[in-house]
Amino acid sequence: MKILVAYDGSDNSKKALFFTLNLLRKEDEIYLVTVIKEAPKSPEQKIIQEREEAEEKQKQVLKDLEGYKITTEILESADVSSAIIEYCKKINCNMIVTGSRGLTGLKKVILGSVSSALVSKADVPVLVVK
């Protein structure tokens, strides 16, 4: 099974990730996906800085995930839920897991409204972890 975990480094996204680990079988794959908000009017440097912050948050949690099949991805989009759903389709994922809401320096990447949008728009099951 391919499971996409929406991850922004917040406590709720960490909770969702570690909850997901309890559901896994040995052959399952996790796709740890962070979406940074595309900012057309922002300077390029801001986007680079947000990408670096996202990469660092992913690196920090990967230390705890040795032995699991993990693929990390950082996406850039103005619409977080659509980016997650498109990536899920691209990799043919079987499930999306997200935290209920997460407020971070990454411009509130995963919000309650994002999890709601995922539940209503995704073609695969969506697990929202509180």
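What comes next concerns the included structure. Since the model is a prediction, treat every value here as computed from it, not as a measurement.

1. Some points on the overall build of the protein chain
Within the protein chain, the regular secondary structure consists of four helices and five strands. For the protein chain, the succession of helices and strands along the chain, N to C, is β-α-β-α-β-α-β-α-β. Scored against the burial criterion, the 130 residues of the protein chain give a buried share of 45%. Total accessible area on the protein chain stands at roughly 7,000 Å², and carbon and sulfur atoms take up 48% of it.

2. What to know about the packing of aromatic side chains
The final tally for this structure, using the stated rule, is one aromatic pair. Between Y31 and Y87 the ring centres are 6.5 Å apart and the planes differ by 65 degrees, which places this aromatic pair in the edge-to-face class. In this pair, Y31 sits in strand β2 (residues 29-37) while Y87 sits in helix α3 (residues 80-91), placing the two residues 56 residues apart along the sequence. Take Y31 and Y87: they sit in the same class, and that class is buried.

3. Some details on α3
The terminal C-alpha atoms of α3 lie 17 Å apart, and with 12 residues this matches the ideal 16 Å at 1.5 Å per residue to within 8%. When α3 is considered as a whole, its buried residues turn out to be V80, S81, A83, I84, I85, Y87, C88 and I91. Looking one or two residues beyond α3, the residue adopting positive phi is N92, at roughly 60 degrees.

Calculation notes
Residues numbered from 1 in each chain as written. Predicted model: local features only at pLDDT ≥ 70, side-chain atom pairs only at ≥ 80, totals over all residues. Heavy atoms only, no water. Helix = DSSP H or I, 4+ residues; strand = E, 2+ residues; numbered from the N terminus. Buried < 20%, exposed > 50% of the residue type's maximum accessible area, 1.4 Å probe, protein only. Areas by Shrake-Rupley, 256 points an atom, 1.4 Å probe, with all protein chains shown as cover. Phe/Tyr/Trp six-rings, centres within 6.5 Å; stacked < 30°, edge-to-face > 60°. Expected span 1.5 Å × (residues − 1).

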